[in-house]
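Geometric and topological summary
Spelled out from the first residue to the last, the chains are:
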Amino acid sequence: MIAVTRSLAGLPVAIALAATLLLAALPAGAGIVSSRHNLSVSGPGTVKAASETQVCVFCHISHNASPSEPLWNRRARTGGYTPYTSSTAKAAPGQPDGASLDCLSCHDGTIALGDLLSLSQVTAMAGGVTTMPAGRSNLGTDLSDDHPVSILYNAALATTRGELADPATLTGKVRLDASGKLQCTSCHDAHDDSNGKFLVMPNAASALCQTCHQPAQWSASSHKLSTATWNGVGASPWPHTSGTTVAANGCENCHRPHSAGGRKWLLNYAKEEDNCTNCHNGNVAAKNIKSEFTKTSIHPVATTTGVHDAAEPTVSQTRHVECADCHNPHAAKSGSAGALPGSLTAVRGVTSGGTAVEPATAEYQLCFRCHADSPGKPAARIARQIVQTNTRLEFSTSNPSYHPVAGAGKGTSVPDLMAPWTTASIIKCSDCHNNDAGPGAGGVGPNGPHGSKFAPLLERQYLTADFTTESASAYALCYKCHDRNTLLNSSTSVSSTVHRKHVVSIRTPCSACHDPHGISSTQGNVTNNSRLINWDISIVKPNSSGLLKWERTSAGHGRCYMSCHNDNHNPETY
């Protein structure tokens, strides 16, 4: 208090008394005099008066104060502000009021810092400064990139919004104002900068944020617990915080409460993927996900900006993909989440019946969000006799044939199937669609379908061009589960007459006859479309009788009506 007492010397008695009373109410250790809020000539910051010695007068006056509390000595802006908004916001931010409006009388940058009600002339500031200089302290009048203020935070909001603390518990450092509103003063104490940024409490590990925000699965998430540090390469992943680990930065790994680059949801960066790749580039997180998106075939997270919406329907209606479409950053963790990897904890999905489900319980449910009933999907990569781009329909267990993604397959005898696979096995989309350098391919890269050198985002090579020379690498994806030797060299008619002749001798790709996802029961049947038969009509043509079909005649036998490589099958039987 010695320094404060000195600063009040020379004040009119009444003002000095009021200011002293105000300062006397400060918590122990508070030091407004040594903080940037000391705008007097003795202030330590670069923004300060040219000669004015009074400290408190820049905000308070004992008489003839503004109607606004507490004994406010500044005018409020008469124009409006642009408040924060997002599609997921349940509160209704209006125009700032109360303490927030008081703070903005300096921090919106529109009113001269020396424009005080108690003085007839504007107090001159050092260096010719008038209003709050540009920078992080100047929030401007567009508050859409700032945490909402002056919102009524009541039990109804907590219930409707979810993952918010009961307002009745906000009795500690974080408090609401007398009318139950969240104001700037809920997070900031203008008189005490001992926590930095005038915060009411330290925000290490986002302790301040979590006083109100309490995501359901945050406590077990990697972003809450990870002790990973920045290796010093490239740009700092935490340019506006002082934490040195992921856990220490908590919410602010991705969010910033003021001047956010991504206004909706107050993200650090406007480009959604930048908020993830800032750490997932091998400089903080061990695996370099960012580099995966430079490969030939990718989930194109950089194609769109601002299209993804956290409130969007489970079945995506506008073609896009962002990291948050597949991952829940508030819940993702190492290990597993039931049948899903921990990285897919608490994500949304669509069941095989087309019903939205949260959380998803199988990987395919997540994929169905975009690759099933969504409009605007791209055309199929291969021209099929039966055209279908809805994977939910392709993998339906009611189909005449399908790869067993949504349920076990129908075949009871698949001699070429390699252990540990059996006819009762269920596979995942990522067994085929994955990183070509990830664990599934024998590499050390990150797991998951972020990018691959094999289109369409395949873990291994799968060539589909006609006259492809058969090799272990040409159809490496198929041979991952189906034994190459059994497929091509066993004594069965399927092997010798069909597979070896066509794939090896005539150099017809597997895809000429087989559609790997499946054939919908709404389009195909057991007689013509079991065994994933669905011709590539750029290779397989109608025969001389105009017929284009395969017929199953018995187990391991069938006949073809078609023309391929100028060989008329009318029919050919095996």
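Our structure's up above, just so we're on the same page.
Figured I'd write up the structure that's included with this text. Remember, predicted model here, so these are calculated numbers, not experimental data.

1. What about the overall build of the protein chain?
Looking only at helices and strands, the protein chain has 16 helices and 14 strands in total. The C-alpha extent of the protein chain, read off along each of the three principal axes, is 110 × 40 × 40 Å. Out of the 574 residues in the protein chain, the part that is buried amounts to 43%. Contacts spanning at least 24 positions in sequence make up 51% of the contacts within the protein chain whose residues lie at least 6 apart. Counting every atom, the protein chain has about 27200 Å² of accessible surface; 58% of that belongs to carbon and sulfur.

2. Let's talk about helix H15 (residues 493-505)
For H15, spanning 13 residues, the distance from its first C-alpha to its last is only 15 Å, which falls clearly below the expected 18 Å at 1.5 Å a residue. Considering bend angle alone, the principal kink of H15 is centred on His-499 and spans about 40°. For H15, the complete set of buried residues consists of Ser-493, Ser-495, His-499, His-502 and Val-503. Looking at the packing, one finds that the buried side of H15 touches helix H14 (484-489), strand E13 (557-564) and strand E14 (567-573). Phi for Arg-507, located one or two positions after H15, is positive at around 60°.

3. What about the pairing of E13?
The buried fraction of E13 amounts to six of the eight residues, a majority that puts the element mostly inside the structure. Here strand E11 (residues 540-541) runs beside E13; their pairing, made up of two bridges, is antiparallel. From the neighbouring strand, Val-540 faces E13, where its bridge partner is Cys-564. Taken together, the five bridges between strand E12 (residues 549-554) and E13 define a ladder with antiparallel strand orientation. Residue Arg-552 lies in a different strand from E13, and its bridge partner there is Gly-558. Connecting E12 to the next strand, E13, in antiparallel fashion are two residues, including Gly-556 with a positive phi near 80°. Strand direction decides the pairing type here: E13 and E14, joined by five bridges, are antiparallel.

4. Details of unusual backbone geometry
Going from Ala-419 to Pro-420, the amide bond is cis rather than trans, its omega being 10°. For Pro-420, the location among the structural elements is in the loop between strand E8 (401-402) and strand E9 (451-452). A cis geometry characterises the amide bond from Ala-455 onward to Pro-456, with omega recorded as -5°. Looking at the secondary structure, you find Pro-456 in the loop between E9 and helix H13 (476-479). Look at Ser-206: it is not a glycine, yet its phi comes out positive at around 60°. The residue Ser-206 is located in the loop between helix H5 (184-187) and helix H6 (209-212) in this model. Taking the relative accessible area as the measure of exposure, Ser-206 reaches 0% and is therefore buried.

5. Some words on the environment of Lys-181
Following the sequence through the fold, Lys-181 ends up in strand E2 (residues 181-182). Overall, Lys-181 belongs to the partly exposed group, its relative accessible area being 22%. C-alpha separation for the pair Lys-181 and His-63, spaced 118 residues apart in sequence, amounts to 27 Å. Ignoring sequence-local partners within four residues, the contact set of Lys-181 consists of Asp-97, Ser-150, Ile-151, Leu-152, Tyr-153, Leu-176 and Ser-186. Separated by 2.5 Å, the side chains of Lys-181 and Asp-97 make a polar contact.

6. Focus: the packing of aromatic side chains
One pass over the full model with this rule turns up two aromatic pairs. Where Tyr-475 meets Tyr-479, the ring centres are 6.4 Å apart and the plane angle is 90°; that geometry is what we call edge-to-face. What makes Tyr-475 buried here is its relative accessible area of 0%. Against the face of Tyr-81 rests Arg-77, its NZ or CZ located 5.3 Å from the ring centre.

7. Overview of the side chain of Ser-150
With respect to the element layout, Ser-150 can be found in the loop between helix H3 (98-107) and strand E1 (151-152). Residue class for Ser-150 comes out buried when judged on its relative accessible area of 6%. In this structure, Ser-150 is in contact with Gln-95, Pro-96, Asp-97, Ser-100, Lys-181, Leu-182 and Gln-183, ignoring residues within four places of it in sequence.

8. Quick word on the nonpolar core
In terms of nonpolar packing, the biggest core is built from 14 residues, with Tyr-153, Leu-164, Val-174, Val-200, Met-201, Leu-208 and Cys-212 touching the most fellow members. Cys-212 has contacts with Tyr-153, Glu-163, Leu-164, Ala-165, Leu-170 and Val-174, leaving out every residue within four places of it along the chain. Counting residues in each nonpolar core, the second largest holds 12 residues, with Leu-477, Cys-478, Leu-488 and Cys-510 among its members.

What counts as what
- The residue count restarts for each chain, going from 1 along the sequence in the order it is written.
- Local features in a predicted model are, by the rule used here, given only for residues with pLDDT of at least 70; side-chain atom pairs are given and counted only at 80 or more, and totals for whole chains, interfaces and linings are based on all residues.
- As a rule here, side-chain values cover all heavy atoms of the structure and leave hydrogens and water aside.
- In DSSP terms, a helix is any run of H or I states spanning at least four residues, a strand is any run of E spanning at least two, and both are numbered starting from the N terminus.
- To sort residues, take the accessible area from a 1.4 Å probe on protein chains only and compare it with the maximum for the residue type: under 20% means buried, over 50% means exposed, and anything in between is partly exposed.
- Residue contacts are counted whenever heavy atoms from the two residues lie within 4.5 Å of one another.
- Under the convention used here, a 1.4 Å probe and the Shrake-Rupley method define accessible areas, while residue burial counts only the protein chains that appear.
- Any helix carries an expected span of 1.5 Å times its number of residues minus one.
- The reported bend at a residue is simply the angle between two axes, fitted to the 7 residues ending at it and to the 7 residues beginning with it.
- Any two strands with at least two DSSP bridges between them are considered paired.
- Under this definition, polar contacts are N or O atom pairs within 3.5 Å; protein pairs additionally need one hydrogen-donor-capable and one acceptor-capable atom, and for neighbouring residues in sequence, both atoms have to be side-chain atoms.
- We call Phe, Tyr and Trp rings a pair once their centres come within 6.5 Å, taking the six-membered ring for Trp, and we label the pair stacked below 30 degrees between planes, edge-to-face above 60, and tilted otherwise.
- The rule is short: NZ of Lys or CZ of Arg within 6 Å of the ring centre and within 35 degrees of the ring normal puts a charge over the ring.
- Residues belong to one nonpolar core when they are buried, are Ala, Val, Leu, Ile, Met, Phe, Trp, Tyr or Cys, and are joined through side-chain atoms within 4.5 Å.

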